[in-house]
Amino acid sequence: MQTHLTLRGLVIRETAFHDADKMIDLLTEDGIRAVQVRSARKAGSKFAAQTQLFTYGEYCLRCSGERYYLDSAVSLNQFYGLRTDLEALALASYFSELIRKTATDQPQPQLLRLFLLSLHYLSAHSRPVLLVKAVFELRLMAELGMMPNLVCCPVCLQYLPAHPVLRLREADMLCDYCFQFAEDKGTAIPVKQSVLLAARHVIYVDMERLFLFRLKGESAGEFYAYAEQYLLNRLRMFFPTLKFFRELNGPETEQDFILPE
Ligand SMILES: [Zn+2]
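Note that the structure is a prediction, hence the values are computed from the model and not measured. (Residues numbered from 1 in each chain as written. Predicted model: local features only at pLDDT ≥ 70, side-chain atom pairs only at ≥ 80, totals over all residues.)

Participant: Describe the domain arrangement of the protein, listing the residues and the values that go with them.
Facilitator: When its domains are assigned, the protein resolves into domain 1 (4–78) and domain 2 (81–151 + 159–254). Of note, the centres of domain 1 and domain 2, computed from C-alpha atoms alone, are 30 Å apart. Elements represented by at least two residues in the side of domain 1 that touches domain 2 include exactly strand S1 (4–17), strand S2 (21–28) and strand S3 (31–37). Of the residues contributing to the side of domain 1 that touches domain 2, the split by class is six nonpolar, two polar and four charged. (Domains from an automatic or database assignment. Helix = DSSP H or I, 4+ residues; strand = E, 2+ residues; numbered from the N terminus. Nonpolar A, V, L, I, M, F, W, Y, C, P; charged D, E, K, R; others polar.)

Participant: Give me the sheet that holds strand S4 (residues 56–64): which residues, what numbers.
Facilitator: With respect to topology, five strands assemble into a closed barrel ordered S1-S2-S3-S5-S4, the strand pairing being mixed. Direction aside, the axes of adjacent strands within the sheet are offset by 50° on average. Across seven bridges, the pairing between S2 and S3 is antiparallel. Across the sheet, Asp25 pairs through a bridge with Ala34, a residue of S3. The strands that helix H2 (residues 86–102) touches are S1, S2 and S3; relative to S1, the one it contacts most, it runs at about 115°. (Pairing = 2+ DSSP bridges. Axes fitted to C-alpha atoms, helices over the stretch in contact; angles between N-to-C directions. Contact = placed C-beta atoms within 7 Å.)

Participant: Any details on the packing of helix H4 (residues 129–143) against helix H6 (residues 193–204)? Residues and values, ideally.
Facilitator: Orientation of H4 relative to H6, taken along the N-to-C sense of each, is 55°, at an axis distance of 8 Å. With respect to their mutual orientation, H4 and H6 come out oblique. As for the relative orientation of H4 and H6, their crossing is right-handed in sense. Between H4 and H6, the contacting residues are Val135, Leu138, Arg139 and Ala142 on the first element and Ala199, Val202 and Ile203 on the second. For the contact of H4 with H6, the class distribution of residues is six nonpolar, no polar and one charged. (Parallel < 35°, antiparallel > 145°, perpendicular 65-115°, else oblique. Left-handed = near helix turned anticlockwise from the far one by under 90°.)

Participant: So, the pairing of S2: which residues are in play, and what are the values?
Facilitator: Pairing between S1 and S2: seven bridges, direction antiparallel. The residue of S2 that forms the bridge with Leu10 is Leu27. Between the antiparallel neighbours S1 and S2 lie three residues, among them His18 with a positive phi of about 50°. Hairpin connection from S2 to S3: two residues lie between these consecutive antiparallel strands.

As structure tokens, then:
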């Protein structure tokens, strides 16, 4: 059994442990590792900065029994822009909860890349917070193999209908003409063409170009609503961190978002 290993990871949770230790969850390319950090909560701890929430770094771990202990750490990115922005921090916490509830034991390097990329844009404040949220939600679904099929209307095979309707339960897109004859109309969102294009981009494009698009006005609102409702419909889970994020966003955005029944 390997007793030492060095890996790069992102701290996605920190919790107090024993009198002065803490436990951190590291998201790595090989999944999540729970690591005990000795004396991390003592004044002057040498690991204070490197084991802070949402720090990306290189960690040398010692494995003893069933448990990992931190031996040494180098911080590679602290995402300083997050630290002074409560809304961005709340959103990052929601991402963390999503990852912790959906990641498996299998290596999923794309989840780490998605998280780091999203933190970069949140920290740099170069994209609207709600856009970062929607992109993360929809791409996460794709990475988990739960992506919607948005290639064309499955009935008439139209690639880019003038009035697309995105269905949540069926995870597909119909043109508005075929939608009239669809049996299940319950969980469907009529959207603009630009929203369909944005959703396709987020699902299918290379990770490097994930955030390289813009949406304006009503289209942006429709896209945000679709991404969140699609995720909640698929996962059927409750996320306390999402509730907190919504409360920060105020009552006017809350009515745009509807939780699945
Ligand atoms: Zn059609």
